[in-house]
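Coordinate analysis (summary)
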Amino acid sequence: QVQLQESGGGSVQPGGSLRLSCAASGHISDLNFMGWYRQAPGKERELVAGIFSGGVTKYGDSVKDRFTISGDNVDNTVYLQMNSLKPEDTGVYYCNIRSLRPSLYDVWGQGTQVTVSS
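Since the structure is predicted, the reported quantities are computational estimates derived from the model, not experimental observations. (Residues numbered from 1 in each chain as written. Predicted model: local features only at pLDDT ≥ 70, side-chain atom pairs only at ≥ 80, totals over all residues. Heavy atoms only, no water.)

**Concerning the sheet that holds strand β7 (residues 67–72)**
Taken in spatial order, the four strands line up as β1-β3-β8-β7 in an open sheet, and their pairing is antiparallel. Whereas interior strands pair on both sides, the edge strands pair on one side only; in this sheet they are β1 (3–7) and β7. Direction aside, neighbouring strands of the sheet carry axes that sit 15 degrees apart on average. When strand β3 (residues 18–25) meets strand β8 (residues 77–82), the two strands line up antiparallel, connected through six bridges. Residue pairing across strands places Leu 20 opposite Leu 80, the latter belonging to β8. (Pairing = 2+ DSSP bridges. Helix = DSSP H or I, 4+ residues; strand = E, 2+ residues; numbered from the N terminus. Axes fitted to C-alpha atoms, helices over the stretch in contact; angles between N-to-C directions.)

Shown next as structure tokens:
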């Protein structure tokens, strides 16, 4: 019953910025982890950034100091502010939310393309 709505993807030049949004709807658990993952051609899907329902954040090593994840647990929405974008940031970005303790669901969005090129 949990669904995700993603927005904010697009094309940008190196050094530019994008802001991704993901809104979850349905029966959301009090304990959850919600974030953004990305997948480039030929690569495994990797965590970009995520936030626990308690506010603790996690970042992939390649995006620290450039990206910021924030969340609104009232509206069950997360935002990924991506600054200083690099070509290697290019990929399909997927929002994900999974419940924790207990693990009841693991839901993925459809993905939004982010392209960084000159």
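**Here we look at the environment of Trp 108**
Topologically, Trp 108 is positioned in strand β10 (residues 106–108). Taking the C-alpha atoms as reference, Trp 108 lies 10.0 Å from Met 34; in sequence the two are 74 residues apart. Residues contacting Trp 108, with those up to four places away along its chain left out, are Leu 4, Tyr 37, Arg 45, Tyr 94, Cys 95 and Asn 96. (Contact = heavy atoms within 4.5 Å.)

**A word on the pattern of salt bridges**
Per the stated rule, a full pass over the model turns up three salt bridges. When the shortest N-O distance is used, the salt bridge between Asp 89 and Arg 38 registers 2.8 Å. Separated by 51 residues along the polypeptide, Asp 89 in the loop between β8 and β9 (91–99) and Arg 38 in strand β4 (residues 32–39) bring together distant segments of the chain. A salt bridge links Asp 89 to Arg 66; its shortest N-O distance comes to 2.8 Å. Of this pair, Asp 89 sits in the loop between β8 and β9 while Arg 66 sits in the loop between β6 (57–59) and β7; the two residues are 23 residues apart in sequence, bridging distant segments of the chain. Across this residue pair, the class does not change: Asp 89 and Arg 66 are buried. (Salt bridge = Lys/Arg side-chain N within 4 Å of Asp/Glu carboxyl O. Buried < 20%, exposed > 50% of the residue type's maximum accessible area, 1.4 Å probe, protein only.)

**What to know about unusual backbone geometry**
With an omega of 10 degrees, the peptide bond between Arg 101 and Pro 102 qualifies as cis. The topology assignment puts Pro 102 in the loop between β9 and β10. The phi dihedral of Asp 65 is positive, around 75 degrees, even though this residue is not glycine. Residue placement: Asp 65 occurs in the loop between β6 and β7.

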